[in-house]
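Topology and contacts: notes
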Amino acid sequence: MEKNNKDKVVVLTGAGGVLCGELAKAYGAEGYKVAVVDLKKEAAVQIAEQINKAGGKAIGVVANVLEQKSLETCKKEINEKLGPCDILVNGAGGNHPLGTTSNPFFKAEDLENTAEGFKTFFDLDVEGIKFVFNLNFIGTLLPTQVFAKDMIGRPGCSILNISSMNAFTPLTKIPAYSGAKAAVSNFTQWLAVHFAKEGIRVNALAPGFFLTEQNRTLLTDENGDLTARGNTIIAQTPMGRFGKPEDLISTTLWLSGEGASFITGIVVPIDGGFSAFSGV
Ligand code: NAD
């Protein structure tokens, strides 16, 4: 029999951050027991405190999604304090400047540009690219290996990965992040098939553009006005605005609940129409 929300444990990685912090609070408000996991312990504890103050039940736990040992220690604490994991949200992720080109389009004259920090495709640093692939892809795979073990043989369990718009069509300047999120979408489908016989559902969100600390300097200037890139994004978004973290809540709760019990292997764009619009 399906359990009530209050008997279900949700583990969210990267939940000390903007988007998954908001999702953690939404799960808390719906009565789920919430494990807020982040590399930054203080951020995780702070979100957990907010959930508890609002009448929910949450703990903040530190873990590095790239280290199995750290994840195992984190899982032990969650299992002892809340119980086995029913829902895993793989939210830790992000980009790195070393995997980002300075210009969207390459021109031969760029090779002569000696400005500090200017990067063409030829200057991309393999270490930066590895960082981004590891954080987004390995950082989804490893927590799944650790927490999905709790789901075996128990009904109503699911995994939600966080992909991105750029998984469908790569964004200019960020080849590593685009490729890594494409891998997350692909892995979502692979895992959905792999776990289907055990009844563990696996889906993903593909958020469009949400103004957060990660991308604030790319999208707005020091006065809060849109940069050229910010303007291009808004012009390409039929609904004419950036996403707000709360725009992700209803889809997240739906995909985690009984209403989605026959849904697995989908990647849902939440993007104000960005991915549907050809630009003309
Ligand atoms: P954020 O930077 O606010 O949150 C990311 C969190 O992950 C941070 O709290 C950080 O401490 C944590 N983290 C980083 N490395 C970690 C590690 N090794 N182990 C554990 N935790 C780690 O970013 P956000 O905007 O809230 O993004 C959340 C997710 O949504 C990411 O996967 C991001 O790629 C994705 N996303 C964001 C947007 C957007 O517009 N902001 C769009 C599409 C997808």
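These remarks concern the structure in this document. Just so you know, these numbers come straight off a predicted model, no measurement behind them. Counting restarts for each chain, with residues numbered from 1 along the sequence as it is written. A pLDDT threshold of at least 70 governs which residues receive local features in this predicted model, and a stricter bar of 80 or more applies before side-chain atom pairs are shown or counted, although totals over entire chains, interfaces and linings include all residues. Computation of side-chain values: all heavy atoms of the structure, hydrogens and water removed.

1. Here's the deal with the overall build of the chain
Regarding its fold elements, the chain presents 8 helices and 7 strands. Atoms counted for the radius of gyration: C-alpha only. Globule rule: 2.2 Å times the number of residues to the power 0.38. Whereas a compact globule of 280 residues would reach a radius of gyration of roughly 19 Å, the chain reaches 19 Å, a difference of no more than 12%. Dimensions of the chain, computed from the C-alpha atoms along their principal axes, are close to 65 × 40 × 40 Å. Counting over 280 residues, the chain shows a buried share of 49%. Only four residue types enter the tally: Lys and Arg on the positive side, Asp and Glu on the negative side; His and the chain ends are excluded. For charged residues, the charge sits on one atom: NZ in Lys, CZ in Arg, CG in Asp, CD in Glu. Side chains of the chain give 26 positive and 29 negative charges; the mean places of these two sets differ by 8 Å. Numbering of helices and strands runs from the N terminus, with a helix taken as a DSSP run of H or I at least four residues long and a strand as a DSSP run of E at least two residues long. Classification of residues uses two cut-offs on accessible area relative to the type maximum, computed with a 1.4 Å probe and protein chains only: under 20% is buried, over 50% is exposed, and between them is partly exposed.

2. Comments concerning the nonpolar core
The biggest cluster of nonpolar side chains holds 29 residues, and the ones touching the most others in it are L12, A24, Y27, V34, V36 and V89. Residue assignment for this core shows that the elements contributing at least two residues are strand 1 (9–13), helix 1 (18–29), strand 2 (33–38), helix 2 (41–53), strand 4 (87–90), strand 5 (158–162), helix 8 (249–256) and strand 7 (267–270). No other element matches helix 1, which puts 6 residues into this core. Two residues form a contact once any of their heavy atoms are found within 4.5 Å. Residues within four places of V34 in sequence aside, it is in contact with V10, L12, A24, Y27, G28, I51, K57, A58, I59 and L82. We define a nonpolar core as any set of buried Ala, Val, Leu, Ile, Met, Phe, Trp, Tyr and Cys residues linked to one another through side-chain atoms lying within 4.5 Å. Within the second largest apolar cluster, 26 residues are counted, among which are V9, V11, A148 and I200.

3. Comments concerning helix 1
If you check helix 1, its first and last C-alpha atoms are 17 Å apart, about what 12 residues at 1.5 Å a residue would give, namely 16 Å. Within the span of helix 1, buried status applies to L19, C20, G21, L23, A24, A26, Y27 and G28. Where helix 1 is buried, its residues contact strand 1, strand 2, helix 2, strand 4, strand 5 and helix 8. A positive phi of about 95° marks G31, the residue just after helix 1. In this scheme, a helix's expected span is set at 1.5 Å multiplied by one less than its residue total.

4. A few points about the site of the ligand
Throughout, the term near means that a residue has one or more heavy atoms lying within 4 Å of the molecule or strand in question. Close to the ligand lie 29 residues; L19, D38, N64, Y177 and Q214 are nearest. With respect to the ligand, the backbone of V65 contributes an N or O atom lying 3.0 Å from a nitrogen atom. Within the side chain of Y177, an N or O atom sits 2.5 Å from an oxygen atom of the ligand. The Shrake-Rupley method, run with a 1.4 Å probe sphere, supplies the accessible areas, and residue values consider only the shown protein chains as cover. Protein contact buries 91% of the 830 Å² of open area that the ligand shows by itself. Among the elements of the structure, helix 1, helix 4 (126–147) and helix 5 (175–195) are those that each provide at least two residues to the shell around the ligand. Polar contacts, as used here, are pairs of N or O atoms within 3.5 Å; protein pairs need one atom able to donate a hydrogen and one able to accept it. Residues neighboring in sequence count only if both atoms are side-chain atoms.

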